[in-house]
Amino acid sequence: MSRYRGPRFKKIRRLGALPGLTKKQPKSRSNLRNQSRYRKKSQYCIRLEEKQKLRFHYGITERQLLKYIHIAGKVKGSTSKVLLQLLEMRLDNILFRLGMASTISAARQFINHRHILVNSCIVDIPSYRCKFQDIITVKDEQQSRTMIHKYINSYPNAEVPNHLTLHPLQYKGLVNQIIDTKCVGLKINELLVVEYYSRQI
């Protein structure tokens, strides 16, 4: 299944806030169709919605998410927590959490267009997995820095999570440590996501 490119508000109305997809909030609609979401949901529906939250927030395909599930299952520790760590340490998400992009899809575009360096090397793969002490910088070109500067100024009070440090004047971010799953920027029950796939495989 390909990456979702449809109406973003449609997903937010159904799944709740997805900051990685869009920061905008849809206008409330009080009609009979929207009231249907307050009906009792089956356990399968609840697990499916949690999985969809994860997928649309991080902007990944079904195949990519399934791959992360397999990797997390092979790592020692809680599969659900390892899954969130893998997703949070993606370069496109790190750029978004630093406040250098308005959404994860915008961060992906910056990376694809080769505006971003990791440890002084250009990286054009959004799924690149960042590590402890990685240094993320913007290419030393006027166009690159102007775009990033725009987003940093748009959200001057944006809270940078504890595992990251932003140096806005230097257009630089630092990964201080592996993220604590309590600092994930999405309200999610990751156990239900793992349970969803354990019942599908």
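One can find the structure itself at the top, above this paragraph.
Residues numbered from 1 in each chain as written. Predicted model: local features only at pLDDT ≥ 70, side-chain atom pairs only at ≥ 80, totals over all residues. Heavy atoms only, no water.

## What about the pattern of salt bridges?
Threshold: Any Lys or Arg side-chain nitrogen located within 4 Å of an Asp or Glu carboxyl oxygen qualifies as a salt bridge.
All told, the structure shown has 10 salt bridges when counted by the stated rule. Between Glu 49 and Lys 41 there is a salt bridge whose closest N-O contact spans 2.9 Å. What emerges from the salt-bridge pattern is a single network uniting Arg 90, Asp 92 and Arg 108.

## A word on the pairing of strand E3 (residues 135–138)
Just so we agree on the cut-off: One requirement defines pairing of two strands: DSSP has to find at least two bridges between them. For helices the rule is a DSSP run of H or I covering at least 4 residues; for strands it is a run of E covering at least 2, with both sets numbered from the N terminus onward.
In terms of strand pairing, strand E1 (residues 116–118) meets E3 through three bridges, oriented antiparallel. Paired with Ile 116 across the bridge in E3 is Val 138. With three bridges joining them, E3 and strand E5 (residues 172–175) adopt antiparallel strand pairing. By the bridge assignment for E5, Ile 136 is matched with Gly 173.

## Overview of the side chain of His 163
For clarity, the cut-off: Two residues qualify as a contact provided that any one of their heavy atoms is within 4.5 Å of a heavy atom in the partner residue.
Inspection of the secondary structure assignment puts His 163 in the loop between helix H8 (142–154) and strand E4 (164–167). Every residue in contact with His 163, bar those within four places of it in the chain, is listed here: Met 89, Ile 94, Leu 174, Val 175, Asn 176, Gln 177, Ile 178 and Ile 179.

## A closer look at the packing of aromatic side chains
Defined as follows: Ring geometry is summarised as follows: Phe, Tyr and Trp rings, the Trp one being its six-membered ring, pair when their centres sit within 6.5 Å, and such pairs are stacked at plane angles under 30 degrees, edge-to-face over 60 and tilted between the two. Each residue is placed in one exposure class: buried if its accessible area under a 1.4 Å probe, protein chains only, is under 20% of its type's maximum, exposed if it is over 50%, and partly exposed if it falls in between.
Throughout the structure, instances matching the rule amount to three aromatic pairs. Consider the rings of Tyr 44 and Tyr 196, whose centres lie 5.9 Å apart with planes at 40°: the pair is tilted. Of this pair, Tyr 44 sits in helix H3 (residues 43–58) while Tyr 196 sits in helix H9 (residues 190–200), and the two are 152 residues apart along the sequence. Residue class for Tyr 44 comes out partly exposed when judged on its relative accessible area of 40%.

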